[in-house]
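# Report on the structure
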Amino acid sequence: MTEASAMIGGNPIAEEDLLLEGEGWEGDEDLFLPSEAGEVERLDAIAVSYLQHADSSPLYEHFRVVADKGQAPMRIDKYLATRMTGSSRSRIQQALDGGYVFVGDKPVKSNYRIKPLDVVTLQLRRPKHELEIIPEPIPLDVVYEDEVLMVVNKPAGLVVHPGHGNYTGTLVNALAYYLQDDPLYDPADPNVGLVHRIDKDTSGLLVIAKRAEAKAHLARQFFHKTTRRTYRALVWGRLKETEGTIIGNIGRDERDRLQMAVYPEGSPKGKHAVTHYTLLEELAYVSWVECRLETGRTHQIRAHMRHIGHPLFADTRYGGDKILWGNQFSRYKQFVQNCLTLCPRQALHAKTLGFVHPVTGEEMLFDSELPSDLEQLLSRWRTYAAQVDSE
């Protein structure tokens, strides 16, 4: 991940918080999908297939910066230094000297003066420490494994991929240790490893490819939406319908760049996203639902459910850590607070994962049990709902 930063509203914001596919977003974005355009963004290399996006390139990071409408003339080296404060001036200068900084489709040098709405694309060499994946003996819950792939059940709180501020202690570090005796698995090789992600504080199933051919096959399945993925989520409120479909582009929220927003289908903003949901259980002021993904966008379930007025319980980023339904009695407030203490993360679990085995052609379907925090959370709401019904 990058150390670069952007300036939003005069305040520096770490760029990994602006990247749709960066671990700062901790998104359940499918890794092969191209990223959305933005003010400061890591870009896919055009000549790279969807299996080898620039974010996984071992040598370079690709960025796109759009100058503001009111941008005053400024040398491009100084401009980039102010926009990407986490990257050293020497890295930026090396890119300029090497012809790796473009305005439009033309390479420019340091003395080029930036103009309003200029579109700047550049490549920066990765810092050395970002090329190193340190094997760490982090426990893994391996649900299935064979010669070409493995399925793991990720606990909440585990970051999936090393990134800015999280160079160790991630699932990738754990995999590097677990597979260290496999001569064909290189944790730094983008052709193997994770095919999709889930958020740091979301628990559940992930598939990892141990061989390049397996990753290519699995990635095509994700791309063509033939995989099967269902989630369980506890959301605020009572749903009007027992089942439904949410269709709406997902992109960065223009008011809060650290979260995602839903835009109309067909809008130039965001990317097409579809979530199907089914009510499983109504529990007083919350609902237990199943969500089925048709697309894999960053924060898709979290943003879509908030969009229809039902944020995930305990989801701090999307307002679910506040009492959104219910009453104002102190007893109820204390009950909700106890629930938030019990489960201080979004109540979301990637429960099932299905795909075709890339070698055998067998239909594979995996199901995971709910983690203890969600089981206890559900139990408390069921008890509370029974009390409400009896009153």
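In the block above lies the structure referred to throughout.
All of the points below concern the structure found in this document. Computed from a prediction, not measured in an experiment: that's the story for all the values here.

The next subject is the overall build of the chain. The helix and strand inventory of the chain stands at 7 helices and 21 strands. In the chain, which comprises 391 residues, the share counted as buried stands at 54%. Across the chain, every contact between residues at least 6 apart in sequence was considered, and the portion connecting residues at least 24 apart equals 67%. Summed over its atoms, the accessible surface of the chain is roughly 17,200 Å², and 52% of this surface lies on carbon and sulfur atoms.

A positive phi angle is found at Lys 225, which is not glycine, with a value near 60°. Take Lys 225: its relative accessible area is 43%, and that puts it in the partly exposed class. Even without glycine at this site, Ala 314 takes up a positive phi of about 70°. Mapped onto the elements, Ala 314 comes out in the loop between helix 5 (300-307) and helix 6 (330-342). Note on Ala 314: relative accessible area 3%, which makes it buried.

This part takes up the environment of Arg 75. By secondary structure assignment, the location of Arg 75 is in strand 5 (residues 74-75). Between the alpha carbons of Arg 75 and Asn 111 there is a distance of 5.5 Å; along the sequence they are 36 residues apart. A polar atom in the side chain of Arg 75 sits 3.0 Å from the side chain of Asp 77.

Time to look at the nonpolar core. Residues Leu 171, Tyr 231, Val 289, Cys 291, Ile 301, Met 305 and Leu 312 are the most contacted members of the largest nonpolar core, which totals 31 residues. Put simply, the parts of the chain that give this core at least two residues each are strand 11 (149-154), helix 3 (171-178), strand 13 (203-209), strand 14 (228-236), strand 18 (274-283), strand 19 (286-293), helix 5 and strand 20 (348-356). With 23 residues, the next largest nonpolar core counts Tyr 285, Leu 370, Trp 381 and Ala 385 among its residues.

So, about the pattern of salt bridges. Under the criterion given, the structure shown has 13 salt bridges. Among the ionic pairs, Asp 77 bridges to Arg 75, the shortest N-O distance being 3.0 Å. Exposure remark for Asp 77: the relative accessible area of 15% places this residue in the buried category. Between Asp 182 and Arg 211 there is a salt bridge, with its nearest N and O atoms 3.0 Å apart. You can see Asp 182 sitting in the loop between helix 3 and strand 12 (193-194) and its partner Arg 211 sitting in the loop between strand 13 and helix 4 (212-223), a full 29 residues away along the chain.

So, how was this worked out
Residues numbered from 1 in each chain as written. Predicted model: local features only at pLDDT ≥ 70, side-chain atom pairs only at ≥ 80, totals over all residues. Heavy atoms only, no water. Helix = DSSP H or I, 4+ residues; strand = E, 2+ residues; numbered from the N terminus. Buried < 20%, exposed > 50% of the residue type's maximum accessible area, 1.4 Å probe, protein only. Contact = heavy atoms within 4.5 Å. Areas by Shrake-Rupley, 256 points an atom, 1.4 Å probe, with all protein chains shown as cover. Polar contact = N/O pair within 3.5 Å; in protein donor to acceptor, adjacent residues only side chain to side chain. Core = buried A, V, L, I, M, F, W, Y, C linked by side-chain atoms within 4.5 Å. Salt bridge = Lys/Arg side-chain N within 4 Å of Asp/Glu carboxyl O.

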